[in-house]
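Structural overview
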Amino acid sequence: MSVSATSPTPSAYEMLREQYASRLPMSLEELAGPTAGAVHLPLHVVWSGRRSYGLSQPRSRMSLYRTVLAEGQQ
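Cut-off values and rules
Residues numbered from 1 in each chain as written. Predicted model: local features only at pLDDT ≥ 70, side-chain atom pairs only at ≥ 80, totals over all residues. Heavy atoms only, no water. Helix = DSSP H or I, 4+ residues; strand = E, 2+ residues; numbered from the N terminus. Buried < 20%, exposed > 50% of the residue type's maximum accessible area, 1.4 Å probe, protein only. Contact = heavy atoms within 4.5 Å. Areas by Shrake-Rupley, 256 points an atom, 1.4 Å probe, with all protein chains shown as cover. Core = buried A, V, L, I, M, F, W, Y, C linked by side-chain atoms within 4.5 Å. Expected span 1.5 Å × (residues − 1). Arc of directions from axis to C-beta.

It is worth spelling out the overall build of the chain at this point. When you go through the chain residue by residue, the secondary structure sums to two helices and two strands. A buried classification covers 19% of the 74 residues belonging to the chain. Contacts in the chain between residues far apart in sequence, at least 24 positions, make up 30% of those at least 6 positions apart. When the accessible surface of the chain is split by element, carbon and sulfur atoms take 58% of a total near 6,500 Å².

This is the structure in structure tokens:
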């Protein structure tokens, strides 16, 4: 009886990293946009839940980034 080698199942981190890799900038210099105020996302990006994000609040800003990465280019 032969034993076949199987590749390990990728972790959730690895799967998400691969999914978002093409959406991320190559360097921080590529990022442009507001650094203060609020961002209000349109319904076609955020069809359910929170649509406004304060850029001066780190947690709000991180939530905005997460939402745009996940929903912004689908």
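With seven residues, the main nonpolar core is built from Val 39, Leu 41, Val 45, Val 46, Tyr 53, Leu 55 and Leu 64. Not counting residues within four places of it along the chain, the set of residues in contact with Tyr 53 comprises Gly 37, Ala 38, Val 39, Leu 41, Ser 60, Ser 63, Leu 64 and Thr 67.

Glancing now at helix α2 (residues 58-71). Across its 14 residues, α2 extends 20 Å between first and last C-alpha, which sits within 8% of the 20 Å expected from 1.5 Å per residue. Here α2 has its buried residues at Ser 60, Ser 63, Leu 64, Thr 67 and Ala 70. The buried residues of α2 occupy an angular sector of 140 degrees when the element is viewed end-on, so they sit on one face. For α2, the exposed residues lying more than 90 degrees away from the buried face are Pro 58 and Arg 66.

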